[in-house]
Amino acid sequence: MKITILGMGCKKCVEVYDNVKKAVEELKIDAEVVKITDAAKIAEYVMSTPGVVVDDEVIFEGKVPSVEEIKNELSKL
Amino acid sequence: MFGWLDYGARYIVENVLNMSMDTAIGSSVHFFIYDSLKIVILLSIMIFSISYIRSYFPPEKTKKILERYSGVSGNIMASLLGTVTPFCSCSSVPIFIGFIEAGVPLGVTLSFLITSPIVNEAAFAVLLASFGWQIAMIYVVSGVIIGVVGGLIIGKLGMENQVEEYVYSIRSRARKIKELTQKERLKFAYDSTRDIVKRVWLYILIGIGIGAIIHGYAPEEVLAKYAGPENPLAVIFATIIAVPLYSNALGTIPIAEALIGKGVGIGTALAFMMATTALSFPEAVLLRKVIKPKLIAVFFGITSIAIVITGYLFNILL
């Protein structure tokens, strides 16, 4: 599984990245977590940042999801 | 509307803290207690309501709406929608790309981008708490007008070649817009309220603290002389000082409130406030990724001039 954080580098994006990392650790799943800060790539997926994409599907956009929320969504996939 | 709160704050100052309302310190402490509570209450109510409305207008939907309008009505619509959209300036770049890619004209896109940071619900709430409905509405209306006029001018200048070429070649993946349930909208509104209040309360309290000191101690004659409505340079000066203060934008309002009480022009204070949110250096840096320096300069130039004009207008009118 590949989890991508979309954001141009503001404080919110950093929070999302940390929360995703934590969620992945707590769920003990094998996932690669990467950040995309390139505006063009971000715009392909979402218009409001920060966003979270799993493989090719957007699961969060325009908000900082909590660790719990991320765990919820990830376990649904 | 907040008479009870004024009474409560007075009670605390006079009977709990045993200070007289006639002393500088008593008056400062009263201002601090009353203003903090009033602002936090109004801020929460406002952010909750606007976030709820916003849940109906995610950027994808805004883009779809704007595709249907052309000419001036496009600018007006864009500017109006700009009043209820995101707080975070980080989103301006993907929103810009999304609009341009969908064929929304450059001028219309910029109407949106100009109004969006100028008019935000938190600033509206703090203004409402500090100055009442009239000024808060004037703030929104002038923010919309600045966006419409700015976008129209940029549209007329034909600056499409000032957008980075790659923007035109981006194709976003077509996605369905998720329709939210009522429960999800309320949760969204609750989450944003908590999030924004958590982010800004400290700035506001610091602002109120400084405001309270000004309220109790600042010399009236000096301020009125240098920053009063009669000093023609005050508005320009206020706009320039505001630019580096971006992150503390909301904290500046209670300061402005106290300053107005001491004779500073309302237009001067309004210009100062708008400039703190609309003209931010970090946003310019972000926008550089999609537009060339010349258009950034025009964007900031027009916005600053519009803010200064608004400032003068209100100093004359009010």
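Quantities reported herein were computed from a predicted structural model and do not represent experimental measurements.

### Quick word on the overall build of chain A
Across its full length, chain A carries three helices and four strands. Put simply, chain A runs from its N terminus to its C terminus through helices and strands in the order β-α-β-α-β-β-α. The C-alpha atoms of chain A give 11 Å as radius of gyration, which agrees with the globular expectation for 77 residues (11 Å, within 12%). C-alpha extents for chain A along the principal axes are approximately 30 × 25 × 15 Å. By the burial criterion, 51% of the 77 residues in chain A qualify as buried. Excluding contacts between residues fewer than 6 apart, the proportion of contacts in chain A whose partners are at least 24 apart in sequence is 62%. For chain A, the accessible surface area stands at approximately 3700 Å², while carbon and sulfur atoms represent 45% of it. When the 11 positive and 15 negative side-chain charges of chain A are each reduced to one mean point, those points stand 5 Å apart.

### Observations regarding the side chain of Thr83 of chain B
Residues and elements named next belong to chain B. Inspection of the secondary structure puts Thr83 in the loop between helix 4 (71-82) and helix 5 (92-101). Thr83 sits in the buried class, given a relative accessible area of 15%. With residues up to four places along the chain from it excluded, the contact list for Thr83 reads Thr115, Val119, Val140 and Val144.

### Some details on the UniProt feature "transmembrane region" (unreviewed entry) in chain B
All names here are of chain B. Under the feature "transmembrane region" (unreviewed entry), the UniProt entry names residues 39-57, 136-155, 200-218, 230-247, 259-281 and 293-314. Annotation note: span residues 200-218, helix share 95%, strand share 0%, distance between end C-alpha atoms 26 Å. Secondary structure content for residues 259-281 is 74% helix and 0% strand, while the C-alpha to C-alpha distance between its ends is 26 Å.

### Notes on the side chain of Ser27 of chain B
Topologically, Ser27 of chain B is positioned in helix 2 (residues 24-54). Those residues in contact with Ser27 of chain B that sit more than four places away from it in its chain are Ser20, Met21, His215 and Gly216 of chain B.

### Brief notes about the packing of helix 12 (residues 234-242) of chain B against helix 16 (residues 293-317) of chain B
All names here are of chain B. Two elements in contact, helix 12 and helix 16, have axes whose closest approach is 9 Å; the angle formed by their N-to-C orientations is 135°. The angle between the axes of helix 12 and helix 16 places the two elements in the oblique class. In this structure, helix 12 meets helix 16 at a crossing whose hand is right-handed. Residues Val235, Ile236 and Thr239 of helix 12 pack against Ile307, Val308, Gly311, Tyr312 and Asn315 of helix 16. When its residues are assigned to classes, the contact of helix 12 with helix 16 shows five nonpolar, three polar and no charged.

### Description of the packing of helix 3 (residues 59-67) of chain B against helix 4 of chain B
Residues and elements named next belong to chain B. It is at 10 Å that the axes of helix 3 and helix 4 come closest, and there the two elements cross at 165°. If you check the angle between helix 3 and helix 4, you find them roughly antiparallel. For the element pair helix 3 and helix 4, the recorded crossing hand is right-handed. Seen from helix 3, the contacting residues are Thr62, Ile65 and Leu66; seen from helix 4, they are Gly74, Met77, Ala78 and Leu81. Split by residue class, the contact of helix 3 with helix 4 holds five nonpolar, two polar and no charged.

### Focus on the interface of chain A and chain B
Across the contact, 20 residues belong to chain A and 24 residues belong to chain B. Buried area between chain A and chain B, summed over both chains or domains, comes out near 1900 Å², and the portion from carbon and sulfur atoms is 58%. If you sort the residues of chain A by the area they bury against chain B, Met8, Glu44 and Met47 of chain A come out on top, with a joint share of 38%. Counting across the interface, chain A meets chain B through two salt bridges. Of the charged contacts, one joins Glu15 of chain A and Arg199 of chain B as a salt bridge, the two residues approaching to 3.8 Å between their closest N and O atoms. Where chain A meets chain B, there are one residue pair in polar contact (both at pLDDT 80 or more). Broken down by element, the residue count for the side of chain A that touches chain B peaks at six residues, all from helix 2 (residues 39-45) of chain A.

### Examining the pattern of salt bridges
Counted according to the given criterion, the structure contains 13 salt bridges over all chains. Of the charged contacts, one joins Glu69 of chain A and Lys187 of chain B as a salt bridge, the two residues approaching to 3.5 Å between their closest N and O atoms. Of this pair, Glu69 of chain A sits in helix 3 (residues 67-76) while Lys187 of chain B sits in helix 10 (residues 182-217), each in a different chain. Note that Glu73 of chain A is salt-bridged to Lys76 of chain A, the shortest N-O span being 3.0 Å. Highlighted residues: Glu73 of chain A and Lys76 of chain A, both in helix 3, separated by three residues, approximately one helical turn.

### Some thoughts on unusual backbone geometry
Leaving glycine aside, a negative phi is the common case for residues, and trans is the common case for peptide bonds. Residues and elements named next belong to chain A. Backbone torsion omega between Thr49 and Pro50 reads -5°, so that peptide bond is classified as cis. Among the structural elements, Pro50 can be located in the loop between helix 2 and strand 3 (51-54). Phi is positive for Lys28, which is not a glycine, with a value near 55°. A relative accessible area of 74% means that Lys28 is categorised as exposed. Phi is positive for Asp55, close to 50°, though the residue is something other than glycine. Positionally, Asp55 belongs in the loop between strand 3 and strand 4 (57-61). Assessed through its relative accessible area of 49%, Asp55 is described here as partly exposed.

Rules of the game
- Residues numbered from 1 in each chain as written.
- Chains lettered and ligands numbered in written order.
- Predicted model: local features only at pLDDT ≥ 70, side-chain atom pairs only at ≥ 80, totals over all residues.
- Heavy atoms only, no water.
- Helix = DSSP H or I, 4+ residues; strand = E, 2+ residues; numbered from the N terminus.
- Rg over C-alpha atoms; globule rule 2.2 N^0.38 Å.
- Buried < 20%, exposed > 50% of the residue type's maximum accessible area, 1.4 Å probe, protein only.
- Contact = heavy atoms within 4.5 Å.
- Areas by Shrake-Rupley, 256 points an atom, 1.4 Å probe, with all protein chains shown as cover.
- Lys, Arg positive; Asp, Glu negative; His and termini not counted.
- Charge placed at Lys NZ, Arg CZ, Asp CG, Glu CD.
- UniProt positions renumbered as here; feature names shortened; annotations may be inferred.
- Axes fitted to C-alpha atoms, helices over the stretch in contact; angles between N-to-C directions.
- Parallel < 35°, antiparallel > 145°, perpendicular 65-115°, else oblique.
- Left-handed = near helix turned anticlockwise from the far one by under 90°.
- Nonpolar A, V, L, I, M, F, W, Y, C, P; charged D, E, K, R; others polar.
- Buried area = accessible area lost by both parts, 1.4 Å probe.
- Salt bridge = Lys/Arg side-chain N within 4 Å of Asp/Glu carboxyl O.
- Polar contact = N/O pair within 3.5 Å; in protein donor to acceptor, adjacent residues only side chain to side chain.

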